[in-house]
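Listed below, chain by chain, are the residues.
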Amino acid sequence: MDLKVRIDGCSGFCGGVIRAIDKAERFLETEGGPLYCLGSIVHNEAELRRLGQKGLVTISRDDFQRLAGADVIVRAHGEPPSTYELARAEGINLIDCTCPVVLKLQQRIREAYSRIQGGAGRIVIFGKVGHAEVLGLVGQVNGDATVIEDMDMLEKALESGEIRPDADIELFSQTTKSPSGYARISDELKRRVSGKVTVHNTICSQVASRHEQLAAFASAHDVVVFVSGRESSNGKVLSDLCLSVNPHTYRVGSEDEVRREWFRDGNLVGVCGATSTPKWLLEAVAKKILQLQ
């Protein structure tokens, strides 16, 4: 079987993830382990195994409360203020790797909240409920915000009165969400709410530009193999985008999941991935596909 394989040059870690992993590796090389990370430093199982072998230990929030004096990374997703308060109280040394884009978004949400407090305003966040970044964003306003994942959730929030029809809305997006999905939510809010709807452009520009680029990449190949961790929110968004453009799109977590029956003789195969997918894993998947010949 004659296959040609191309790796998308724009796929791979975003700047925030690169920064966090670089800091973790430098710390482990100079200080030694263990180094703890509050939640997965990146939503990719293969990369987590690699870093775990170097001494990085992923912990839960319950674990965090029992680590007095330990060194703990705050990952690129960011954390609510309560995490920093607990760290100070317990003498935990935080190595803050919050992405600068997320830090700016947190600040903008706090500023918006100060403007609408005491009135009929509402903070609305387009994001995945329970996602680490979203928890950090909601924490900036002590939980006083509405998180919307899709149009159905928006409809329920409007029907229940959680979003009042006369409210002034300050609308934000999780940094890794789909620009088109955000546009649909903002348009619906403007249509349904009589108050002022202020739409903040908070999707990471690196993520936003990838949508158009990746759609072109997917359409230019016979088969697309999209590589990402199962817990990656960005991976879900981008793999769905590829599938909408190219029905011969397959999502895998590693080279072991690649299947021969996906390909036909002469296929041009595109390998791409999420902002949480390491380059070395994209290369491993491409190598496995070539070995099918």
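Heads up: these notes are all about the structure in this document. Small disclaimer: the values here were computed from a predicted structure and weren't measured. (Residues numbered from 1 in each chain as written. Predicted model: local features only at pLDDT ≥ 70, side-chain atom pairs only at ≥ 80, totals over all residues. Heavy atoms only, no water.)

Digging into the nonpolar core
So, step 1. Ile163, Ile169 and Leu189 are the most contacted members of the largest nonpolar core, which has 18 residues in total.
So, step 2. Those elements giving two or more residues to this core turn out to be strand E6 (122-126), helix H7 (151-160), strand E8 (169-173) and helix H8 (179-192). (Core = buried A, V, L, I, M, F, W, Y, C linked by side-chain atoms within 4.5 Å. Buried < 20%, exposed > 50% of the residue type's maximum accessible area, 1.4 Å probe, protein only. Helix = DSSP H or I, 4+ residues; strand = E, 2+ residues; numbered from the N terminus.)

Notes on the packing of aromatic side chains
So, step 1. The tally for this structure, following the rule as stated, stands at 3 aromatic pairs.
So, step 2. With centroids separated by 4.4 Å and ring planes inclined at 0°, the aromatic side chains of Tyr250 and Trp262 adopt a geometry described as stacked. With Tyr250 in strand E11 (residues 249-252) and Trp262 in the loop between E11 and strand E12 (268-273), this pair connects stretches of sequence that are 12 residues apart.
So, step 3. Between the aromatic rings of Trp262 and Phe263, the centroid separation amounts to 6.2 Å while the plane-to-plane angle is 65°, which identifies the pairing as edge-to-face. (Phe/Tyr/Trp six-rings, centres within 6.5 Å; stacked < 30°, edge-to-face > 60°.)

Looking at the pairing of strand E5 (residues 93-96)
So, step 1. Note that strand E4 (residues 71-74) and E5 share 4 bridges and pair parallel. Bridge pairing in E5 links Ile73 to Ile95. (Pairing = 2+ DSSP bridges.)

A short note on the side chain of Glu25
So, step 1. Along the chain, Glu25 falls in helix H1 (residues 15-31).
So, step 2. With relative accessibility at 16%, the residue Glu25 sits in the buried group.
So, step 3. Setting aside residues up to four positions removed in sequence, Glu25 forms contacts with Arg50, Leu51 and Lys54. (Contact = heavy atoms within 4.5 Å.)

Let's talk about the sheet that holds strand E10 (residues 223-227)
So, step 1. Pairing in this open sheet of 4 strands is parallel, and the strands run E1-E12-E10-E11 from one edge to the other. At either margin of the open sheet sits one strand with a lone partner, and together these are strand E1 (4-7) and E11. Going from strand to strand, the sheet's axes swing by 20° on average, the running direction of each strand aside.
So, step 2. Helix-sheet contacts for helix H9 (residues 205-219) involve E1, E10 and E12, and the interaxial angle to E12 is about 160°.
So, step 3. Packing against the sheet, helix H11 (residues 279-290) makes contact with E1, E10, E11 and E12, and its axis sits at approximately 160° to E12. (Axes fitted to C-alpha atoms, helices over the stretch in contact; angles between N-to-C directions.)

Describing the pattern of salt bridges
So, step 1. Inspection of every chain in the model, using the stated rule, returns 15 salt bridges.
So, step 2. Ionic pairing is found between Glu79 and Arg61, a salt bridge with its closest N-O pair at 2.9 Å. Taken together, the positions of Glu79 in the loop between E4 and helix H4 (81-90) and Arg61 in helix H3 (residues 61-64) put the pair 18 residues apart, joining distant regions of the chain.
So, step 3. Given a relative accessible area of 3%, Glu79 falls into the buried group.
So, step 4. Residue Arg61 is classed as partly exposed on the basis of its relative accessible area of 38%.
So, step 5. Notably, a salt bridge pairs Arg66 with Asp63, separated by 3.2 Å at the nearest N-O pair.
So, step 6. Given a relative accessible area of 60%, Arg66 falls into the exposed group.
So, step 7. Given the relative accessible area of 28%, Asp63 is considered partly exposed.
So, step 8. What you see here is one network of salt bridges that share partners, running through Glu155, Glu188, Arg191 and Arg192. (Salt bridge = Lys/Arg side-chain N within 4 Å of Asp/Glu carboxyl O.)

Description of H9
So, step 1. Across its 15 residues, H9 extends 22 Å between first and last C-alpha, which sits within 8% of the 21 Å expected from 1.5 Å per residue.
So, step 2. At His211, H9 is bent by approximately 30°, the largest bend along its length.
So, step 3. If you follow the buried residues of H9, they end up packed against E1, H8, E10, helix H10 (233-245) and E12. (Expected span 1.5 Å × (residues − 1). Bend = angle between axes of the 7 residues up to and from the residue.)

Observations regarding the sheet that holds E8
So, step 1. Strand order in the open sheet formed by 4 strands is E7-E6-E8-E9, and the pairing between neighbours is parallel. Where the open sheet ends on each side, the last strands, each with one partner, are strand E7 (146-148) and strand E9 (197-199). Across the sheet, the axes of successive neighbouring strands diverge by a mean angle of 25°, strand direction being ignored.
So, step 2. Sheet contacts for H8: E6, E7, E8 and E9; angle to E8, the most-contacted strand, approximately 170°.

What to know about H10
So, step 1. Look at H10: 19 Å from first C-alpha to last across 13 residues, which is about the 18 Å you get at 1.5 Å a residue.
So, step 2. Every buried residue belonging to H10 is among Ser233, Asn234, Gly235, Val237, Leu238, Ser239, Leu241 and Cys242, and all of these are buried.
So, step 3. Buried residues along H10 sit in contact with H9, E10, E11 and E12.
So, step 4. Put simply, Ser232 is the residue that caps the front of H10, since its side-chain oxygen is 2.8 Å from the backbone nitrogen of Gly235. (Polar contact = N/O pair within 3.5 Å; in protein donor to acceptor, adjacent residues only side chain to side chain.)

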